[in-house]
Amino acid sequence: MTYAIIGSGAIGSAIATHFARAALDVHVANSRGPATIAPLAARLGGYIKPAAVEDALKADVVFLAIPFHAVLPAVLDAGDWNGRIVVDATNAIEFPSFKPLDLGGRPSSQLIAETVPGSRVVKAFNTLPAAILASDPRSDGGRRVLFVSGDHADANQTIAALIADLGFSPLVLGALHEGGRLQQFGAALVAQNLSRHG
Ligand SMILES: NC(=O)c1ccc[n+]([C@@H]2O[C@H](COP(=O)([O-])OP(=O)(O)OC[C@H]3O[C@@H](n4cnc5c(N)ncnc54)[C@H](OP(=O)(O)O)[C@@H]3O)[C@@H](O)[C@H]2O)c1
């Protein structure tokens, strides 16, 4: 399984931190090119592979850790997704009011899914502030919970297993119109820093 993160900002770096801790290779790309990922790779170690966006988009699992409005331009060179997994870590936020974007009542990840047709979209890694997401998921003796939603049960399980490998406790909520709604920006599960013990 190959992994890539599009976005090397607060959330992309937080996710990359856990790949490095788990000794899993991950390609990381941003809008400015691989050379600008070098400091992150130097900090986190050799598991972090700086990449161009068009190469990162070829991974089996592609994380979107970029602004919601940037997803469409970022995935233009993705080609055929062939059922590969897209992990949607974005939040649909209106700036500068910092309110949920008006999406006409549709779950934000359904709109993302329409932007990456032929992929299997899983919403995850979007509910915690970046600094908390980056920290040790076992810090209080339990395991920090990460929510997982998506319309493809097999993809949900793949990402749940990855989340466990990264040291977190996955909680699969169901389809995008169910769980996805609960974990999208402005909903009940956002900013809930929960741990599972035992
Ligand atoms: N920050 C949080 O606490 C938090 C929590 C939960 C969810 N989120 C969500 O996570 C996403 C990322 O947030 P963030 O705080 O990590 O943002 P950020 O620190 O501003 O980083 C955004 C990253 O996206 C990259 N990017 C933007 N447009 C791109 C494009 N067209 N192609 C490739 N890369 C592109 C930027 O590239 P450059 O580095 O080249 O500028 C940057 O690396 C957002 O949707 C946000 O709502 C954030």
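Each chain has its residues counted from 1, following the order in which its sequence is written. Totals for whole chains, interfaces and linings use every residue, but because this is a predicted model, local features are given only for residues with pLDDT of at least 70 and side-chain atom pairs only at 80 or more, for both listing and counting. To obtain the side-chain values, all non-hydrogen atoms of the structure were included, while hydrogens and water were left out.

Novice: Just checking my understanding: could you explain the site of the ligand for this structure?
Specialist: Taken together, the neighbourhood of the ligand is formed by 24 residues, with S8, I11, S31, R32 and I66 sitting nearest. Any pair of N or O atoms that falls within 3.5 Å is considered a polar contact. Within protein, one atom must be able to donate a hydrogen and the other to accept it, and sequence-neighbouring residues count only if both atoms are side-chain atoms. G9 has a polar backbone atom sitting 3.2 Å from an oxygen atom of the ligand. Here, Shrake-Rupley sampling with a 1.4 Å probe gives the accessible areas, and only protein chains in the shown set may cover a residue. Compared with its free state, where it exposes 890 Å², the ligand has 73% of that area covered by protein. Split by residue class, the shell around the ligand holds 15 nonpolar, eight polar and one charged. In this text, near means that some heavy atom of the residue lies within 4 Å of the molecule or strand in question. Note on residue classes: Ala, Val, Leu, Ile, Met, Phe, Trp, Tyr, Cys and Pro are nonpolar, Asp, Glu, Lys and Arg are charged, and everything else, Gly too, is polar.

Novice: Can you walk me through unusual backbone geometry in this structure?
Specialist: A negative phi angle is the norm for most residues apart from glycine, just as the trans form is the norm for most peptide bonds. Put simply, F95 and P96 share a cis peptide bond, and its omega is 5 degrees. For helices the rule is a DSSP run of H or I covering at least 4 residues; for strands it is a run of E covering at least 2, with both sets numbered from the N terminus onward. Its location among the elements puts P96 in the loop between β6 (93-94) and β7 (99-100). One non-glycine residue, F125, adopts positive backbone phi at about 65 degrees. Position of F125 relative to the elements: it lies in the loop between β8 (120-123) and α6 (130-134). Each residue's exposure class comes from its accessible area (1.4 Å probe, protein chains only) as a fraction of the maximum for that residue type: buried when under 20%, exposed when over 50%, partly exposed otherwise. Using a relative accessible area of 2% as the deciding quantity, one classes F125 as buried. Of note in this structure, A191 is not a glycine but carries a positive phi near 70 degrees. Here A191 lies in the loop between α8 (176-182) and β11 (195-196).

Novice: Whenever I open this one, the pairing of strand β9 (residues 143-150) confuses me. Can you help?
Specialist: Put simply, side chains in a regular strand alternate between the two faces of the sheet. Most of β9 is tucked away: seven of the eight residues are buried. Criterion used throughout: strands pair if DSSP finds at least two bridges between them. Strand direction decides the pairing type here: β8 and β9, joined by two bridges, are antiparallel. Directly across from V122, in β9, lies its bridge partner G150. Across five bridges, the pairing between β9 and strand β10 (residues 169-174) is parallel. Bridge pairing links S149 to G174 in β10. Viewed along the sheet, the connection from β9 through helix α7 (residues 153-165) into β10 turns out right-handed. Orient the strands so they point away from the viewer, and a crossover whose first-strand-to-second-strand path over the helix runs clockwise is right-handed.

Novice: Sorry, what's going on with the pattern of salt bridges here?
Specialist: Charged atoms that come close allow side chains of opposite charge to pair. Whenever a carboxyl oxygen of Asp or Glu lies within 4 Å of a side-chain nitrogen of Lys or Arg, that contact is scored as a salt bridge. The tally for this structure, following the rule as stated, stands at four salt bridges. The partner of K58 in a salt bridge is D55, with the nearest N and O atoms 3.3 Å apart. Note on K58: relative accessible area 58%, which makes it exposed. D55 gets classed as partly exposed once you look at its relative accessible area, which sits at 43%. Here D88 and K123 are joined by a salt bridge, their closest N and O atoms 3.2 Å apart. With D88 in strand β5 (residues 85-88) and K123 in strand β8, the pair connects residues that are 35 residues apart, well separated along the chain. Residue D88 is classed as buried on the basis of its relative accessible area of 0%. Here K123 falls in the buried class, since its relative accessible area comes to 0%.

Honestly, it's all geometry; don't read function into it.
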